[in-house]
Amino acid sequence: MTPRMLLTFLLVTWSALLCANDLESQLLKKLSENADQTEYGLIDMALIAGGADTNAALTEAKGAFKTATEPLSLNEKLAKFGGEKAAKALFKNIGKKLKTEDAAQYSLLGALKDRTYSTGTLAFLYSFLGHKLGLSDGDLATVAKKLGPYFAEKTAISPRESLALLFADKGIALAGSDPVAAGRALAVSAKLFDADKYLFGTADTNLYNQGLTYYNEGKYSEAAELIAGAAARWPGRTEFSPLAFNIGIKLFEQAESGKNYGAIVPVAERLAPITGQYETQFLDTLAKFQYNHAVHLRDNGQPEAALAQAESIQRPHSETTLKNFRIGIVEKLVESAGSNNDSEGAARWLAKLEGIDAKRAANLKTMLSQLALKELDESGQYEQALNLAAKEINTSVGRQNYLAVLSRAVSALAKDGKFKEGFQKLALVPTEVEGDDSLNKLREFLYINQLAQYTDRDYKKSLPIFEKAFADKKLSLSSENQAAFKENYGNALFREVEQIIADRNWDLADKKSRAALTKAPGHKLLEDQRKTVETILKRVGK
């Protein structure tokens, strides 16, 4: 693992732990997520380093800083002229205010009040005010040698780099009293700027010794926080590796005895990348505790945190076990989102599942679709059910679902006597299911049920339905229904001619009788009726 990869890992895993409400914890989290996009400006971050831990405190500190720095401004002519001359004048004004060097001074307001400074406070105050005057990083470098050894070879001085030094000064100053805060400040410093040569070989050695002291005193978590932060600030130093490994082993022992995985695992994760030659061994041991912690999180109603923990395991003891664990969590998250009508959430977790196991994702998607269809079916929301089923029409299961829902929808319409709407439903089916035999059966079903409303005597209503059915090119009657339709159609035609005979309209009776036999040849009633019509016509001289 390269130094830069190490730094990235440390900062990302650190951010996963930080859920405190103080602004510095929030700052580190945001820098870890996106180093260039935070709502905090440079002066905000500097004042947070100096102790502004709430939004109210930060607002107050910004007002105090503005008041305290007003005497340091340049006269209007010099400020307008700018360049190196203005940079030297600004540095001179600051020098009149800050008199005594104090490496432990990391507060801007403290520096201005007590007239003390560290390299970080002086460099940031100078570069920040210089930028406000419109001075370039190159202009500011005209006094580089006066800022300290780190700047001796600099040809540009930026506020962001200076801010990184300010946080490094804080981490070094707090190492002996507050190792957690010290480690966090060093991590922020590393995220702001790659100033790994700052105090190289001095501060990092002191931090190693302080971490060793905590370790010898049995303060393993404190030692871990400090060493992890120091490694983030100086990722190229290998001296931290043996100590980080030994601290981690002690943390594992504590986790084993107290089953307090939540407190131990995040710290151990930050140690892993700095264990050097012991990293593989360390990760093998860490995997057990990471998995146990993931199970604990899952069982205590924190599925997303459990998933994140499981996915952080670099060397799982069983890839299959870990995969199944992840699948189980994501499936529950999909179902939970669905039950809460969170379609976006369900889609997001389904996509996640597809990345883990595409087949399981497909099966779950099918199951959820079936459940949704069932719910819509049972509530009579057939239109919505058809729209849902149509989304999966390209799969065999999707086509089956669509046709099943269509069958129930058409049956419901037929039951309510809405045959026109039923035929409209059949006319609007997707091309993917056109020609399916079930559609022919539904069409046959509609005609049969529509005709069942009428008797032979209702021939005026039934005849148009018969004729529509016989002209329907999409209808293929079964052999059984062909015979029944022919018989019933002939009966209706018979009733029509009977009425004409009763009305003594002999010419029309003759015409209709002949036509009826053409439409339903071989129909016994029509054949007998034809004989009757012919007899009548002879009697009346036709």
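Every value quoted in this text rests on a predicted model; they were computed, and no experiment measured them.

## Describing the overall build of the protein chain
Here is step 1 of the chain: For the protein chain, the count of helices and strands is 29 helices and two strands.
Here is step 2 of the chain: For a compact globule of 542 residues, the expected C-alpha radius of gyration is about 24 Å, and the protein chain comes in at 43 Å, more than 25% above that figure.
Here is step 3 of the chain: Reported as C-alpha extents along the three principal axes, the dimensions of the protein chain are approximately 140 × 65 × 35 Å.
Here is step 4 of the chain: Taken over 542 residues, the protein chain has a buried fraction of 46%.
Here is step 5 of the chain: Considering only contacts in the protein chain between residues 6 or more positions apart, those separated by 24 or more positions represent 60%.
Here is step 6 of the chain: Of the roughly 27500 Å² of accessible surface on the protein chain, 49% is carried by carbon and sulfur atoms.
Here is step 7 of the chain: The distance from the centre of the 70 positive side-chain charges to the centre of the 68 negative ones in the protein chain is 5 Å.

## Considering helix α18 (residues 303-311)
Here is step 1 of the chain: Of the residues making up α18, those classed as buried are Ala306, Leu307, Gln309 and Ala310. Down the axis, α18 shows its buried residues gathered within 165° of arc, on one side only.
Here is step 2 of the chain: Each element contacted by the buried residues of α18 is listed here: α16 (261-271), α17 (279-299), α19 (319-339) and α20 (343-356).

## Quick notes on the nonpolar core
Where a protein is soluble and globular, its nonpolar side chains tend to be buried together.
Here is step 1 of the chain: Of all hydrophobic cores here, the largest spans 95 residues; its most connected members are Ile94, Leu125, Tyr126, Phe167 and Ile247.
Here is step 2 of the chain: Contact partners of isoleucine 94, with chain neighbours within four places excluded, come to Leu72, Leu122, Leu125, Tyr126 and Leu129.
Here is step 3 of the chain: Membership of the second largest hydrophobic core comes to 35 residues, among which are Ala389, Tyr402, Phe419 and Leu493.

## Observations concerning helix α27 (residues 479-502)
Here is step 1 of the chain: The end-to-end C-alpha distance of α27 is 35 Å, a good match for the 34 Å that 24 residues give at a rise of 1.5 Å each.
Here is step 2 of the chain: Asn481, Phe485, Tyr489, Gly490, Asn491, Ala492, Leu493, Phe494, Glu496, Val497, Ile500 and Ile501 are the residues of α27 that are buried.
Here is step 3 of the chain: Residues of α27 that are buried make contact with α25 (437-451), α26 (459-471), α28 (506-519) and α29 (524-539).
Here is step 4 of the chain: Once α27 ends, the next one or two residues include arginine 504, with phi positive near 60°.

## Structural notes on the pattern of salt bridges
Here is step 1 of the chain: Counted under the stated rule, the structure contains 28 salt bridges.
Here is step 2 of the chain: A salt bridge links aspartate 299 to arginine 298, with the nearest nitrogen and oxygen atoms 3.0 Å apart.
Here is step 3 of the chain: Its relative accessible area of 53% is what places aspartate 299 among the exposed residues.
Here is step 4 of the chain: Residue arginine 298 is classed as partly exposed on the basis of its relative accessible area, which comes to 38%.
Here is step 5 of the chain: Between glutamate 311 and arginine 326 there is a salt bridge, with the nearest N and O atoms lying 3.1 Å from each other. Taken together, the residues glutamate 311 in helix α18 and arginine 326 in helix α19 connect sequence positions 15 residues apart.
Here is step 6 of the chain: Judged by its relative accessible area of 33%, glutamate 311 is partly exposed.

## Considerations on the packing of helix α15 (residues 240-258) against α17
Helix-helix packing is described using two parameters, namely the angle between the two axes and the distance between the axes.
Here is step 1 of the chain: Running from N to C, α15 and α17 cross one another at 20°; their axes reach a closest spacing of 11 Å. For the element pair α15 / α17, the angle class is roughly parallel. For α15 against α17, the interelement crossing comes out left-handed. Contacts between α15 and α17 involve Ala244, Phe245, Gly248, Ile249, Phe252, Ala255 and Glu256 from the former and Gln281, Phe282, Thr285, Leu286, Lys288 and Phe289 from the latter.
Here is step 2 of the chain: Residues that form the contact of α15 with α17 fall into these classes: eight nonpolar, three polar and two charged.

## A word on the side chain of asparagine 491
Here is step 1 of the chain: Structurally, asparagine 491 is set in helix α27.
Here is step 2 of the chain: Those residues in contact with asparagine 491 that lie beyond four places of it in its chain are Asp456, His523 and Leu525.

## Remarks on unusual backbone geometry
Here is step 1 of the chain: In the Ramachandran plot, arginine 115 falls in the positive-phi region, its phi being about 60° despite a non-glycine side chain.
Here is step 2 of the chain: Tracing the sequence through the fold places arginine 115 in the loop between α7 (108-114) and β2 (116-117).
Here is step 3 of the chain: Backbone geometry places arginine 504, a non-glycine residue, at a positive phi of 60°.
Here is step 4 of the chain: Along the chain, arginine 504 falls in the loop between α27 and α28.

## Description of the packing of aromatic side chains
Here is step 1 of the chain: Summed over the entire model, instances satisfying the criterion amount to 19 aromatic pairs.
Here is step 2 of the chain: With centroids separated by 5.4 Å and ring planes inclined at 45°, the aromatic side chains of phenylalanine 466 and tyrosine 489 adopt a geometry described as tilted. Here phenylalanine 466, found in helix α26, pairs with tyrosine 489, found in helix α27; they are 23 residues apart in sequence, far enough to count as distant. In terms of burial, phenylalanine 466 and tyrosine 489 fall into one category: buried.
Here is step 3 of the chain: A network of ring pairs unites the aromatic residues Phe245, Phe252, Tyr261, Tyr278, Phe282 and Phe289 as a single cluster.
Here is step 4 of the chain: Sitting over the ring of phenylalanine 200, arginine 237 keeps its end group 4.7 Å from the ring centre.
Here is step 5 of the chain: Sitting over the face of the ring of phenylalanine 423, lysine 468 holds its NZ or CZ atom 4.1 Å from the ring centroid.

## Side note on a positive patch on the surface
Here is step 1 of the chain: A cluster of basic side chains, namely Lys92, Lys96, Lys99 and Arg115, defines a positive patch on the protein surface.
Here is step 2 of the chain: Look at arginine 115 and you get partly exposed, because its relative accessible area is 34%.

## Considerations on the packing of α27 against α29
Here is step 1 of the chain: For the pair α27 and α29, interaxial distance at closest approach is 10 Å and the crossing angle is 20°. Classified by the angle between their axes, α27 and α29 sit roughly parallel to one another. As for how α27 packs across α29, the hand of that crossing is left-handed. Every residue of α29 that contacts α27 at Gly490, Asn491, Leu493, Phe494, Val497, Glu498 and Ile501 is listed here: Leu525, Leu526, Gln529, Val533 and Ile536.
Here is step 2 of the chain: Here the residues of the contact of α27 with α29 sort into eight nonpolar, three polar and one charged.

## Observations regarding the confidence of the model for the protein chain
Do not read the fine detail of predicted coordinates wherever pLDDT is low.
Here is step 1 of the chain: For the protein chain, per-residue confidence averages 88 on the pLDDT scale, and residues scoring 70 or more make up 94% of the total.
Here is step 2 of the chain: Confidence over residues 1-19 falls short of pLDDT 50; this stretch has 41 contacts with residues more than four positions distant or in other chains.

Quick notes on the rules
- Residues numbered from 1 in each chain as written.
- Predicted model: local features only at pLDDT ≥ 70, side-chain atom pairs only at ≥ 80, totals over all residues.
- Heavy atoms only, no water.
- Helix = DSSP H or I, 4+ residues; strand = E, 2+ residues; numbered from the N terminus.
- Rg over C-alpha atoms; globule rule 2.2 N^0.38 Å.
- Buried < 20%, exposed > 50% of the residue type's maximum accessible area, 1.4 Å probe, protein only.
- Contact = heavy atoms within 4.5 Å.
- Areas by Shrake-Rupley, 256 points an atom, 1.4 Å probe, with all protein chains shown as cover.
- Lys, Arg positive; Asp, Glu negative; His and termini not counted.
- Charge placed at Lys NZ, Arg CZ, Asp CG, Glu CD.
- Arc of directions from axis to C-beta.
- Core = buried A, V, L, I, M, F, W, Y, C linked by side-chain atoms within 4.5 Å.
- Expected span 1.5 Å × (residues − 1).
- Salt bridge = Lys/Arg side-chain N within 4 Å of Asp/Glu carboxyl O.
- Axes fitted to C-alpha atoms, helices over the stretch in contact; angles between N-to-C directions.
- Parallel < 35°, antiparallel > 145°, perpendicular 65-115°, else oblique.
- Left-handed = near helix turned anticlockwise from the far one by under 90°.
- Nonpolar A, V, L, I, M, F, W, Y, C, P; charged D, E, K, R; others polar.
- Phe/Tyr/Trp six-rings, centres within 6.5 Å; stacked < 30°, edge-to-face > 60°.
- Lys NZ or Arg CZ within 6 Å of the ring centre and 35° of its normal.
- Patch = residues over 30% accessible without salt bridge, like charges linked within 9 Å, V, L, I, M, F, W, Y side chains within 5 Å.
- pLDDT = per-residue confidence, 0-100.

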